[in-house]
Amino acid sequence: MTSSLPLLAGAALVAGLLGAPQTGATTSEHRQQAASAPRPQPAAKVRPAAKSAVVALAGGDVVERVAARGTPGRRHVLGYWTPRRMAAAVPIDPLGTAAGMFGRPGVPLHQRGARTSGTRWNAGGSVRRTTGRVFLTLGGLDFVCSASSVRSTNKDLVVTAGHCVKDGTGAWADNWTFVPGYDQGRQPYGQFTARRMFVAGPWSRSADDSYDIGMVALNHRGGRHLQEVVGGQGIAFGAARGRQTHGFGFPAEAPYNGEHLVYCAGPVRADPHGQTDDQGMRCDMTAGSSGGPWLSGFDAATGRGTITSVSSFKYSDDHGTMYGPYFGDVARELYTTAERS
């Protein structure tokens, strides 16, 4: 059992404060702060007009769900996300306050030259267009995440965290839509709804943090592919560890508000606790940044780089370090399957 806390807002707490039933929409069971408490039953949810079967793909350890396909499905999702619902959606990732959950404090990763405080990205470039906010419904509650357009064969693919697509061993997300280039409520490129959703088998079976990766193939918008509208970042697998990396996202808990693209930068290091195969970056971005891209070889002038991970979780006793899964063979298989969909 890990002592990590996903970048997922306290859905049960929020529901309690609002007088709504607890929905268990926090992420997988092993990530709940109150692991001994019985898992609540999901509240009734509004589902898009789409198939929702889980399919284990032959010849690979990838799990798929068909989402909002066809005009009725797309219209349902687009109609669901009114400005009011978007404004009320909570970050799919709070950082808890418990300390030393496995008996010792987290090991800080002091890194020379790192930008550990999230800074608003004002330089423009490709990353401004390709990074966006995700809006989704999970367990009857509305959430936000971050994601990035990635170059792919189908020209419709985004990469994000697995828990922004599927609640570990639990439910898949509904009403999933991507808003590239989001800025203070503005949607310069519109919304792109999900048509097929993919997670790695280890994430779906056991919510293994080392495989907290999700990829989503999107519907066209106005007859155009996502990549034709905003472009896409490159992606790499099996890259050298410990590289200088830029992490982007839309953190939405104080001191951030989710309305601006924010970044951190610095070298990454192995998980000092040995609980995962992830790498960590010194970064204080908060809830809402889950699924945001980590770019190696980033060029600030063009806003282009190569995606080698996504923001996933923080340890409860070290809120200054963000962890992201290493993109190895499993991530490669996930990408290869999703880009052909």
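To be clear, the structure that these remarks concern was listed above.
Please read these numbers as outputs of a predicted model, since none were measured by experiment.

A. Geometry of the overall build of the chain. Helix and strand counts for the chain come out as 7 helices and 20 strands. Here the chain holds 341 residues, and 59% of them are scored as buried. Long-range contacts, defined as pairs at least 24 residues apart, comprise 73% of the intrachain contacts of the chain with a sequence gap of at least 6. Split by element, the accessible area of the chain, about 13,100 Å² in all, is 50% carbon and sulfur.

B. Structural context of the pattern of salt bridges. Tallying each qualifying case throughout the model produces 9 salt bridges. Between Glu 259 and Arg 133 there is a salt bridge, and its shortest N-O distance comes to 3.7 Å. Separated by 126 residues along the polypeptide, Glu 259 in the loop between strand E13 (244-249) and strand E14 (262-267) and Arg 133 in strand E6 (residues 131-138) bring together distant segments of the chain. In this structure, Asp 318 and Arg 282 form a salt bridge, with 3.2 Å as the shortest nitrogen-oxygen distance. Placement of Asp 318 in strand E20 (residues 318-324) and of Arg 282 in strand E16 (residues 279-282) is noted, with a sequence separation of 36 residues between them. Of the two residues, Asp 318 and Arg 282, neither departs from the other in class, the shared state being buried.

C. Representation of the state of the cysteines in the model. Counted under the stated rule, the structure contains 2 disulfides. Note on cysteine connectivity: Cys 264 is disulfide-linked to Cys 283, with sulfurs 2.1 Å apart. Negative torsions about the S-S bond denote left-handed disulfides, and the value of about 70° found for Cys 264 with Cys 283 makes this one right-handed. Within this pair, whereas Cys 264 is found in strand E14, its partner Cys 283 is found in the loop between E16 and strand E17 (293-299), the two being separated by 19 residues in sequence. For the pair Cys 264 and Cys 283, a shared accessibility class is recorded, and that class is buried.

D. Fine view of empty space enclosed by the protein. Going through the model one piece at a time under the given rule, you end up with 2 cavities of 30 Å³ or more. Its volume calculated, the largest cavity comes out at about 110 Å³. What lines the largest cavity is a set of 15 residues, among which Ala 239, Ala 240, Gln 279, Ser 296 and Thr 308 lie closest to the centre. Elements with a minimum of two residues in the lining of the largest cavity: E17 and strand E18 (304-310). For the lining of the largest cavity, the per-class residue count stands at 7 nonpolar, 6 polar and 2 charged.

E. Inspection of the packing of aromatic side chains at higher detail. One pass over the structure, following the stated rule, counts 14 aromatic pairs. On the basis of an interplanar angle of 90° and a centroid distance of 5.1 Å, the ring pair of Tyr 80 and Trp 81 is categorised as edge-to-face. The class for Trp 81 is buried, based on a relative accessible area of 4%. Consider the rings of Trp 121 and Tyr 263, whose centres lie 5.2 Å apart with planes at 90°: the pair is edge-to-face. You can see Trp 121 sitting in the loop between strand E5 (115-120) and helix H4 (126-130) and its partner Tyr 263 sitting in strand E14, a full 142 residues away along the chain.

F. Representation of the pairing of strand E7 (residues 141-149). Summarising burial for E7: 9 of the 9 residues are buried, a large majority. As paired strands, strand E4 (residues 90-91) and E7 are joined by 2 bridges and run parallel to one another. Looking at E7, one finds that Val 90 is bridged to Phe 143. Bridge analysis of E6 against E7 gives 8 bridges, and the strand direction is antiparallel. Of the residues in E7, the one forming a bridge with Arg 133 is Ser 146. Counting the residues between successive antiparallel strands, the hairpin from E6 to E7 contains 2 residues, one of them, Gly 139, with a positive phi of roughly 60°. In terms of strand pairing, E7 meets strand E8 (residues 157-160) through 2 bridges, oriented antiparallel. In the strand pairing of E8, Ser 148 is matched with Val 159.

G. A look at the side chain of Ser 149. Structurally, Ser 149 can be placed in strand E7. In this structure Ser 149 touches Thr 130, Leu 157, Val 158, Phe 178, Leu 226, Val 230, Gly 231, Gly 232, Gln 233 and Ile 307, once residues within four positions along its chain are discounted.

Thresholds applied
- Residues numbered from 1 in each chain as written.
- Predicted model: local features only at pLDDT ≥ 70, side-chain atom pairs only at ≥ 80, totals over all residues.
- Heavy atoms only, no water.
- Helix = DSSP H or I, 4+ residues; strand = E, 2+ residues; numbered from the N terminus.
- Buried < 20%, exposed > 50% of the residue type's maximum accessible area, 1.4 Å probe, protein only.
- Contact = heavy atoms within 4.5 Å.
- Areas by Shrake-Rupley, 256 points an atom, 1.4 Å probe, with all protein chains shown as cover.
- Salt bridge = Lys/Arg side-chain N within 4 Å of Asp/Glu carboxyl O.
- Disulfide = S-S within 2.5 Å.
- 1 Å grid on protein atoms, 1.4 Å probe; cavity = no way out; pocket = protein on both sides within 12 Å on 5 of 7 lines; lining within 4 Å.
- Points joined across faces, edges and corners; volume = space filled by probe spheres on them.
- Nonpolar A, V, L, I, M, F, W, Y, C, P; charged D, E, K, R; others polar.
- Phe/Tyr/Trp six-rings, centres within 6.5 Å; stacked < 30°, edge-to-face > 60°.
- Pairing = 2+ DSSP bridges.

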